[in-house]
Amino acid sequence: MELERQSVAVLQQFGRTYRAYAAAFEQRMGLPLARWRILHALHLQDDAIAQKALADRVGMDPGALTRQLKAMQELGWVERSTSERDNRVTHVTLSREGQRMVSQMMPVRSAFLEDVLGEVTPATVQELSHGLAQLEAGIAHAQARAAEAADAA
């Protein structure tokens, strides 16, 4: 029972930490973390990427990604086009304005990360990374078990 209480407390702390991080990121960068993740992924991409592949890359629900991309397209940050070979596929690229904005924001992001991690030792970062990887594996395992149970029902 004590282990379960501690586990729940750690998961709740993880949620609070993520929400605090996302809020601080948005305050510092002037845009939501989800939009930055999309912009950064496109920045690292040499050419157009299929919207589904982008959703996988940033770990975002395809519907939520579509909503973000539409808003970002209206801001002039991204360009979307339908594939000539398959009209079911939408390709996404970073516009010139998006490239300019990301280039200007990279130093701000770096400074933010320095502030966030400045007091965290490299060993702690490594331990956190390992622990979070284990947590992600556990979540994937729980999802697979739930899918198996749903299929069996």
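Our structure's up above, just so we're on the same page.
Being a predicted model, the structure only gives us computed values, none of them experimental.

**Some points on the overall build of the chain**
Tallying secondary structure elements over the chain gives six helices and three strands in all. Starting at the N terminus and ending at the C terminus, the chain contains elements arranged as α-α-β-α-α-β-β-α-α. For 153 residues, the compact-globule estimate of 2.2 N^0.38 gives 15 Å, and the chain exceeds it by more than 25% at 19 Å. The buried share among the 153 residues of the chain stands at 22%. Accessible area for the chain stands at about 10,800 Å²; split by element, carbon and sulfur atoms hold 53% of it.

**Description of the packing of aromatic side chains**
Across all of its chains, the model carries four aromatic pairs by this definition. Judged by centre distance (6.1 Å) and plane angle (40 degrees), the ring pair of Tyr 21 and Phe 25 falls under tilted. With Tyr 21 and Phe 25 both in helix α1 (residues 2-29) and four residues apart, the pair spans about one turn of that helix. Ring geometry for Phe 25 and Trp 36: centres 6.5 Å apart, planes at 50 degrees, overall tilted. Note that Phe 25 is positioned in helix α1 and Trp 36 in helix α2 (residues 33-44), a separation of 11 residues in sequence. Residues Phe 25 and Trp 36 agree in their burial class; the two are buried. Taken together, the aromatic side chains of Tyr 21, Phe 25, Trp 36 and Phe 112 make up a single cluster linked through ring pairs.

**Re the environment of Leu 128**
With respect to the helices and strands, the residue Leu 128 is situated in helix α6 (residues 122-152). A residue is classified by how much of its surface remains accessible, and Leu 128, at 49% relative accessible area, is partly exposed.

**Description of the packing of α1 against helix α5 (residues 96-117)**
Each pair of packed helices can be described by the angle between their axes along with the distance between the axes. Running from amino to carboxyl end, α1 crosses α5 at an angle of 140 degrees, the nearest separation of the two axes being 10 Å. Classified by the angle their axes make, α1 and α5 are oblique. In this structure, the crossing between α1 and α5 has a hand that is right-handed. On α5, the residues touching Tyr 21, Ala 24, Phe 25, Arg 28 and Met 29 of α1 are Met 105, Val 108, Arg 109, Ala 111, Phe 112, Leu 113, Asp 115 and Val 116.

**Considering a nonpolar patch on the surface**
Taken together, Phe 14, Leu 128 and Leu 132 make up a surface patch of nonpolar side chains, about 260 Å² in accessible area. Note that Leu 132 resides in helix α6. A relative accessible area of 34% places Leu 132 in the partly exposed class.

**Some points on the sheet that holds strand β3 (residues 90-94)**
The strand order across the open sheet built from three strands is β1-β3-β2, with neighbouring strands paired in antiparallel fashion. Edge positions in the sheet fall to β1 (49-50) and β2 (78-82), since each of these pairs with one other strand and no more. Pairing of β1 with β3 involves two bridges; the strand directions are antiparallel. Considered in β3, the bridge of Ala 50 is made with His 91. Across the sheet, helix α4 (residues 62-74) touches β2 and β3, and the angle it forms with β2 is around 115 degrees.

Calculation criteria
- Position labels on residues start from 1 in each chain and follow its written sequence.
- Predicted model: local features are reported for residues with pLDDT of at least 70 only, side-chain atom pairs are reported and counted for 80 or more only, and whole-chain, interface and lining totals are derived from all residues.
- Water and hydrogen atoms were dropped before computing side-chain values, which therefore reflect all heavy atoms in the structure.
- Only DSSP runs of H or I covering at least 4 residues are called helices, and only runs of E covering at least 2 are called strands; the numbering of each starts at the N terminus.
- Within these notes, the globule rule equals 2.2 Å times the number of residues to the 0.38 power, and the radius of gyration is based on C-alpha atoms.
- A simple rule labels every residue: compare its accessible area, found with a 1.4 Å probe on the protein chains alone, to the largest value its type can have, and call it buried under 20%, exposed over 50%, or partly exposed in between.
- Each accessible area value is a Shrake-Rupley result obtained with a 1.4 Å probe; residue values ignore everything except the protein chains displayed when judging cover.
- Only rings of Phe, Tyr and Trp enter the pairing, Trp through its six-membered ring, and a pair is recorded when the two centres are within 6.5 Å. The plane angle decides the type: under 30 degrees is stacked, over 60 is edge-to-face, the rest tilted.
- Orientation is described by axes fitted as lines to C-alpha atoms, over the contacting stretch for helices, and by angles from 0 to 180 degrees between their N-to-C directions.
- We call two directions roughly parallel when the angle between them is under 35 degrees, roughly antiparallel when it is over 145, roughly perpendicular when it lies between 65 and 115, and oblique otherwise.
- The handedness criterion is simple: a crossing whose near helix is rotated anticlockwise from the far helix by less than a right angle is left-handed, and one whose near helix is rotated clockwise is right-handed.
- Working rule for contacts: check all heavy atoms of both residues, and any pair within 4.5 Å makes them a contact.
- Patch definition: residues above 30% relative accessible area lacking any salt bridge, with like charges linked at up to 9 Å and the nonpolar side chains Val, Leu, Ile, Met, Phe, Trp and Tyr linked at up to 5 Å.
- The working definition used for a salt bridge is a side-chain nitrogen of Lys or Arg within 4 Å of a carboxyl oxygen of Asp or Glu.
- For two strands to be treated as a pair, DSSP must find no fewer than two bridges joining them.

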